[in-house]
Amino acid sequence: MTVSRPSSLIFVSLLILVISANAYAGGRPDGQSRSWFGQVNTGYEFTTGSTRDFLHANWALGGGALYWPSDWPLGIALDLNYSRFDFTSSTIRAINDAIADDPMNEGEITGGNVENWQFGLNGIWSLGDDTGSGFYLKGGVSWNSITGRLTDTGLVYYPPICDPWFWWCTPGGIGPGTIVVGKQSSDEFGWNVGIGYSVRNLSGQLYFELGYEQIQFDNTDIEYIPFNIGYRW
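Values in this document were obtained by computation on a predicted structure and should not be read as measured data. (Residues numbered from 1 in each chain as written. Predicted model: local features only at pLDDT ≥ 70, side-chain atom pairs only at ≥ 80, totals over all residues. Heavy atoms only, no water.)

1. Some words on the overall build of the chain
Then, in step 1: When helices and strands are counted, the chain shows three helices and eleven strands.
Then, in step 2: Sorting the 233 residues of the chain into buried and exposed places 41% on the buried side.
Then, in step 3: Of the contacts made within the chain by residues no fewer than 6 positions apart, 69% connect residues no fewer than 24 positions apart.
Then, in step 4: When the accessible surface of the chain is summed, it comes to about 13400 Å², and 63% of that surface belongs to carbon and sulfur atoms. (Helix = DSSP H or I, 4+ residues; strand = E, 2+ residues; numbered from the N terminus. Buried < 20%, exposed > 50% of the residue type's maximum accessible area, 1.4 Å probe, protein only. Contact = heavy atoms within 4.5 Å. Areas by Shrake-Rupley, 256 points an atom, 1.4 Å probe, with all protein chains shown as cover.)

2. Section: the state of the cysteines
Then, in step 1: The tally for this structure, following the rule as stated, stands at one disulfide.
Then, in step 2: The disulfide that involves Cys162 links it to Cys169, with 2.0 Å between the sulfurs. Taking the sign of the torsion about the S-S bond as the criterion, the disulfide between Cys162 and Cys169, at about 110 degrees, is right-handed.
Then, in step 3: Overall, the relative accessible area of 48% leaves Cys162 in the partly exposed class. (Disulfide = S-S within 2.5 Å.)

3. Side note on the environment of Leu78
Then, in step 1: Inspection of the secondary structure puts Leu78 in strand β4 (residues 74–86).
Then, in step 2: Each C-alpha atom of the pair Leu78 and Leu121 lies 5.1 Å from the other, and the pair is 43 residues apart in sequence.
Then, in step 3: Ignoring any residue separated from it by four or fewer positions in sequence, one finds Leu78 in contact with Gly63, Gly64, Ala65, Phe119, Gly120 and Leu121.

Below is the structure:
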């Protein structure tokens, strides 16, 4: 496995953070009598390494639960995340060139994407005594349900849509739309490391995370740098 320059910067940042950590650190919301906390987040995933050549960066959504007793320096997060990466124009051209060179195939595609439903198991380590506001480290493993799709633009049928309250309908008909012409799914292992910063408030905790994520395949890995903004309560 070759580690790209952006991911190397993440590891260096983690090392600097550990060395310079002070007595104030974050990760766990206030609530001494509680062990379970909820969390939601959204963010942007920047593709890196060879992944940047065939997949665009895109938005992501996630949420889950955090188990962190007050006397533990480490919390355990269970995360469910959704993300989708669209194919780059160079990837679409390469696929169309392969179709043209194959005498058993014809036509072309106009788009495609990779969709991922991810279940993650992560440890969150507070870097000091006060776990309300400040820096923390995060890392763990994930199970990823990956679905790749190839799409084309064509004529599709749109059914009518009726409002049950106001008794009016939007008529259906035929118009341009996106057609899935190929699909393949697989389950893959992934891992991640990252740093975070949390800010306590009256009812919970706002947090920011920057990390490095890798989903492992036989031929090539998907690598990206997620930046997330979330809320724990």
